[in-house]
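Survey of secondary and tertiary structure
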Amino acid sequence: MIRDALTEDSILPLLRDLRIRWRVRAYGSIVSTNDTAKWLAGSGAPEGTLVVAETQTGGRGRRGNAWESPPGGLWFSFVVRPHLPPDRASGLCVVAAVSVARTVIDFAGLSARIKWPNDVFVGGRKLAGVMVMSAAEGALVVGVGINANVPELELPAPAWYEATSVQRETGESCDRAALLARVLAEFESRYFAYRGPDHEGLMEEWRELSLVIGEAVTATVGDETVHGTVFGIEEDGGIVLRLADGSHRKVLPTSDVTLSVRK
Ligand code: ATP
Ligand code: BTN
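Residues numbered from 1 in each chain as written. Chains lettered and ligands numbered in written order. Predicted model: local features only at pLDDT ≥ 70, side-chain atom pairs only at ≥ 80, totals over all residues. Heavy atoms only, no water.

**Focus on the site of ligand 1**
Inspection of the region around ligand 1 gives 17 residues, with Arg 63, Asn 65, Glu 68, Lys 115 and Asn 147 positioned closest. For ligand 1, a nitrogen atom lies 2.9 Å from a polar atom in the backbone of Glu 68. Isolated, ligand 1 exposes 610 Å² of accessible area, and the fraction of that covered by the protein chains is 91%. Counting atoms within 2 Å of the grid points, the majority share of ligand 1 lands in the largest pocket. Per-class residue counts for the shell around ligand 1 are seven nonpolar, four polar and six charged. (Near = heavy atom within 4 Å. Polar contact = N/O pair within 3.5 Å; in protein donor to acceptor, adjacent residues only side chain to side chain. Areas by Shrake-Rupley, 256 points an atom, 1.4 Å probe, with all protein chains shown as cover. 1 Å grid on protein atoms, 1.4 Å probe; cavity = no way out; pocket = protein on both sides within 12 Å on 5 of 7 lines; lining within 4 Å. Sits in = over half its atoms within 2 Å of the grid points. Nonpolar A, V, L, I, M, F, W, Y, C, P; charged D, E, K, R; others polar.)

Shown next, in the form of structure tokens:
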């Protein structure tokens, strides 16, 4: 038996004490766990439907970017039905990013930080990415990619930064089923809090973990480019920039936004 196999049998017992009733669909190779989860959501799959794969042949990040998904990584997507107005649902991207970063810190002992809106970095290298997509009526799909046990030589070489994995950072491989269960536990607790009235804890956690707070940045949204300093975050996941003229401008975590930190 492969010690670290990602199967329904290895994952489900670790999710039994959680609040959501998780249902696991584990695959070997698949085009994209996002696509499968989205399809399942469209067919009425309940909240907690989880799709996980050993490899993806067509993994995607935001804006249609390719997401490299070699063996050893942790690639998964799950369905949520949060009953939130659309302007609040955008904040689930922050819920997911904070949950992944917190897991990487507590489970793997690494100093993870979040690059808004959706990347988790360790030591200046990208270790994980998250995305939230609307699926069917009332359903969203949260997609998470973590370079868990991807060997250094198989890590992709993204454009302006380097990638890393838990294995590269800690020098040993991790138990991916346990890592997955921990991400879902961290997600659940923040998800239920976010659906209630108390968001300040989440926003405070994001501020603590953020790579961009207080930094001079350039945000591009469609054809528009905005320069400013990151002043804060709001409960819909939007960041507030202070511009050179002293005015403030909010930038939402939409699928077409990009943010770069100016040196
Ligand atoms: P942004 O900062 O705006 O999010 P980004 O370059 O991180 O920009 P994303 O769409 O968030 O873009 O992430 C997808 C990008 O991540 C790809 O274009 C690629 O450069 C990089 N990438 C792809 N696979 C991996 C991976 N397994 N690990 C780390 N990075 C990856
Ligand atoms: C990003 O950084 O842009 C987000 C990357 C999200 C990748 C994960 S891997 C599992 C799920 N399936 C996909 O095709 N994408 C997400």
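**Focus: the sheet that holds strand E12 (residues 248–251)**
In spatial order, the strands read E12-E11-E10-E9-E13; together these five strands make up an open sheet with antiparallel pairing. If you trace the sheet from one side to the other, it starts and ends with E12 and strand E13 (257–261), each paired once. With direction set aside, neighbouring strand axes in the sheet form an average angle of 45 degrees. (Pairing = 2+ DSSP bridges. Helix = DSSP H or I, 4+ residues; strand = E, 2+ residues; numbered from the N terminus. Axes fitted to C-alpha atoms, helices over the stretch in contact; angles between N-to-C directions.)

**Let's talk about the packing of helix H4 (residues 92–108) against helix H6 (residues 176–195)**
When two helices pack together, their arrangement is given by the angle between the helix axes and by the axis-to-axis distance. Put simply, H4 and H6 touch, their axes get as near as 8 Å, and they point 135 degrees apart. One way to sum up the angle between H4 and H6 is to call them oblique. The element H4 and its partner H6 pack so that their crossing is right-handed. For the pair formed by H4 and H6, the contact residues are Leu 92, Val 95, Ala 96, Val 98, Ser 99, Val 100, Arg 102, Thr 103, Asp 106 and Phe 107 on the first element and Ala 178, Leu 179, Arg 182, Val 183, Glu 186, Phe 187, Arg 190, Tyr 191 and Tyr 194 on the second. Taken together, the residues that form the contact of H4 with H6 break down as 12 nonpolar, two polar and five charged. (Parallel < 35°, antiparallel > 145°, perpendicular 65-115°, else oblique. Left-handed = near helix turned anticlockwise from the far one by under 90°. Contact = heavy atoms within 4.5 Å.)

**So, the site of ligand 2**
Taken together, 19 residues lie around ligand 2, and Ser 32, Gln 56, Arg 60, Arg 62 and Lys 126 are the ones closest in. In this structure, an oxygen atom belonging to ligand 2 sits 2.8 Å away from a side-chain N or O atom of Ser 32. Here Lys 126 contributes a side-chain N or O atom positioned 3.0 Å from an oxygen atom of ligand 2. Protein chains bury 98% of the 420 Å² of accessible surface belonging to ligand 2 in isolation. Among the detected pockets, ligand 2 sits in the largest pocket. When residues of the shell around ligand 2 are assigned to their parent elements, the largest contribution, four residues, is made by strand E6 (residues 125–134). Counted by class, the shell around ligand 2 contains five nonpolar, 10 polar and four charged residues.

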